[in-house]
Amino acid sequence: MIEIKTLSNLSQNYTLLLVEDEDALRQSMIHYLSKLFKTVYSASNGEEGLIEFHKHRPDIVLSDIMMPKKNGIEMLKAIKELVPQQECMIFSAFTEITYFVDAINIGVNAYILKPVDYHQLLSALYESCFKINLIQQAQNYQSELEVMVQKRTQELHENYDQTVSALVGLVEQRD
């Protein structure tokens, strides 16, 4: 079981987009998730969700499936086409196998059943935040390595130039 404090420490610099058409549940989850994440954006349907995604580029997207205008599967599919590595989760009261298969096919990271089991939600959020953190660490490490390689390459070029100059000087002295 994930402790809220552990998740809070990991997620405090990340943003989340919550897409839910039921006002009471959306407000309740915004209140809950705002204690964990730097910012929680929200939308009441898939069309609004896509607009909010384009506007804010959140780290995690958490969406219901059945919503007006555009359902969660359609919205998440569009998001995954834009950003294949995007962390996406679904929460829904629907347990039909077709929804699970659709979610798997588009690369959803978690499928949480309603009523929302907050332990399951916290665990899924922790896994996503942990993954995002690892990816960021790897990117930072790669950037540091690139800087080190450039610096070392520059040093080698300088050493090469100095060696050639010294050899030229020796040859000229011999002549």
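Presented here is an overview of the structure given in this document. (Residues numbered from 1 in each chain as written. Predicted model: local features only at pLDDT ≥ 70, side-chain atom pairs only at ≥ 80, totals over all residues. Heavy atoms only, no water.)

What about the overall build of the protein?
- Scanning the protein for helices and strands turns up six helices and five strands.
- Seen in sequence order, the protein has helices and strands lined up from the N terminus as α-β-α-β-α-β-α-β-α-β-α.
- Here the C-alpha radius of gyration of the protein, 25 Å, is well above what a compact globule of 175 residues would show, namely 16 Å.
- Its C-alpha atoms put the protein at 90 × 35 × 30 Å along the principal axes.
- Residue burial in the protein is summarised as follows: out of 175 residues, 37% are buried.
- Of the roughly 10700 Å² of accessible surface on the protein, a fraction of 54% belongs to carbon and sulfur atoms.
- The averaged location of the 24 negative side-chain charges in the protein is 3 Å from the averaged location of its 15 positive side-chain charges. (Helix = DSSP H or I, 4+ residues; strand = E, 2+ residues; numbered from the N terminus. Rg over C-alpha atoms; globule rule 2.2 N^0.38 Å. Buried < 20%, exposed > 50% of the residue type's maximum accessible area, 1.4 Å probe, protein only. Areas by Shrake-Rupley, 256 points an atom, 1.4 Å probe, with all protein chains shown as cover. Lys, Arg positive; Asp, Glu negative; His and termini not counted. Charge placed at Lys NZ, Arg CZ, Asp CG, Glu CD.)

Quick word on the layout of surface pockets
- As a volume, the largest pocket reaches approximately 270 Å³.
- Forming the walls of the largest pocket are 13 residues, and the residues nearest its centre are D59, Q85, Q86, I132 and I135.
- Here the element with the most residues in the lining of the largest pocket is helix α6 (residues 118–174); it accounts for five residues.
- Counted by class, the lining of the largest pocket contains five nonpolar, four polar and four charged residues. (1 Å grid on protein atoms, 1.4 Å probe; cavity = no way out; pocket = protein on both sides within 12 Å on 5 of 7 lines; lining within 4 Å. Points joined across faces, edges and corners; volume = space filled by probe spheres on them. Nonpolar A, V, L, I, M, F, W, Y, C, P; charged D, E, K, R; others polar.)

Quick word on the sheet that holds strand β4 (residues 87–92)
- The strand order across the open sheet formed by five strands is β2-β1-β3-β4-β5, and the pairing between neighbours is parallel. Of all strands in the sheet, those with a lone pairing partner are β2 (39–43) and β5 (110–113), marking the two edges. Put simply, the sheet's adjacent strands are angled 20 degrees from each other on average, direction ignored.
- As paired strands, strand β1 (residues 15–19) and β2 are joined by five bridges and run parallel to one another. By the bridge assignment for β2, V19 is matched with A43. (Pairing = 2+ DSSP bridges. Axes fitted to C-alpha atoms, helices over the stretch in contact; angles between N-to-C directions.)

Here we look at the environment of H54
- Mapping H54 onto the fold places it in helix α3 (residues 46–56).
- As for H54 and L82, which are separated by 28 residues in sequence, their C-alpha atoms are 9.7 Å apart.

Section: the pairing of strand β3 (residues 60–63)
- Side-chain alternation along β3 places I60 and L62 on one buried face and V61 and S63 on a second face that is also buried.
- Pairing of β1 with β3 involves four bridges; the strand directions are parallel. Looking at the pairing, L18 lines up with L62 of β3.
- Here β3 runs beside β4; their pairing, made up of four bridges, is parallel. Looking across to β4, one finds that L62 is bridged to M89.
- Handedness of the crossover joining β3 and β4 through helix α4 (residues 72–82): right-handed. (Right-handed = clockwise from strand over helix to strand, strands pointing away.)

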